Amino acid sequence: MPLDGFGVCVFPVLSAMRNESGFTKDTARFKDELDIMKFICKDFWTTVFKKQIDNLRTNHQGIYVLQDNKFRLLTQMSAGKQYLEHAPKYLAFTCGLIRGGLSNLGIKSIVTAEVSSMPACKFQVMIQKM
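Not measured: the values here are computed from a predicted model. (Residues numbered from 1 in each chain as written. Predicted model: local features only at pLDDT ≥ 70, side-chain atom pairs only at ≥ 80, totals over all residues. Heavy atoms only, no water.)

### A short note on the pairing of strand β3 (residues 109-114)
On a regular strand, each side chain points to the face opposite its neighbour's, so the side chains alternate between the two faces of the sheet. Of the strand pairs in this sheet, β3 and strand β4 (residues 121-127) are connected by 6 bridges, and their pairing is antiparallel. Bridged to V111 within β4 is V125. Hairpin remark: β3 followed by β4, antiparallel, with 6 residues in the connecting loop. (Pairing = 2+ DSSP bridges. Helix = DSSP H or I, 4+ residues; strand = E, 2+ residues; numbered from the N terminus.)

Here it is as structure tokens:
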């Protein structure tokens, strides 16, 4: 199974473990997809990575960019460019986590990631309209 697929499978387990504390219990509180993305950037990201996303941008047409300036899975790697080509391997699982989280909340998406300077990275989320 590819790493992003594994990430998609992990989210339901995470949400089941966290359900008692309201992690995804009260999904009716989301009024639109922007609210759901804010949830992913704050509550979800804090639960998984112990910090919030540093920046969330949107074009208000179904594309969101989540920026993490010190992504935990990349901070242990050197800031040198020699590791830059290997960075996407470390982001595939997280792309799957985001996709799985959104899917669990009723949103189908495509999630990609890019790294231009370590340990910062960006995740692009394209919402698939049904």
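### A look at the confidence of the model for the protein chain
Should pLDDT be low for a region, the predicted coordinates there are not to be read in detail. Summing up the model confidence of the protein chain, the mean pLDDT is 80 and the portion of residues at 70 or higher is 76%. Scored below 50 in pLDDT, residues 16-21 shows 5 contacts in the model against residues more than four places distant or in partner chains. (pLDDT = per-residue confidence, 0-100. Contact = heavy atoms within 4.5 Å.)

### Observations concerning the packing of aromatic side chains
The tally for this structure, following the rule as stated, stands at 6 aromatic pairs. Their ring planes at 45° and their centres at 4.7 Å tell us that W45 and F49 sit as a pair that is tilted. Linking W45 with F49, this pair stays in helix α2 (residues 33-49), spanning 4 residues, or about one helical turn. Taken as a pair, W45 and F49 share a single burial class, namely buried. Aromatic rings pair up to connect W45, F49, F71 and F123 into one cluster. (Phe/Tyr/Trp six-rings, centres within 6.5 Å; stacked < 30°, edge-to-face > 60°. Buried < 20%, exposed > 50% of the residue type's maximum accessible area, 1.4 Å probe, protein only.)

### As for the sheet that holds β3
Strand order in the open sheet formed by 4 strands is β1-β2-β4-β3, with antiparallel pairing between adjacent strands. The open sheet has two edge strands, β1 (55-58) and β3, and neither has a second partner. For this sheet, the mean inter-axis angle between neighbouring strands, taken without regard to orientation, is 20°. By the bridge criterion, 4 bridges tie β1 to strand β2 (residues 63-68) in an arrangement that is antiparallel. Bridge assignment links N55 to a residue of β2, and that residue is Q67. Against the sheet, α2 makes contact with β1, β2 and β4, and its axis sits at roughly 15° relative to β2, the strand it touches most. The sheet contacts of helix α4 (residues 87-104) involve β3 and β4, and relative to β3 the element is tilted by about 155°. (Axes fitted to C-alpha atoms, helices over the stretch in contact; angles between N-to-C directions.)

### Re the side chain of T94
Mapped onto the fold, T94 is located in helix α4. Judged by relative accessible area, T94 falls into the buried class, the value being 0%. Discounting chain neighbours no more than four positions away, the residues touching T94 are W45, F49, F71, L73 and F123.

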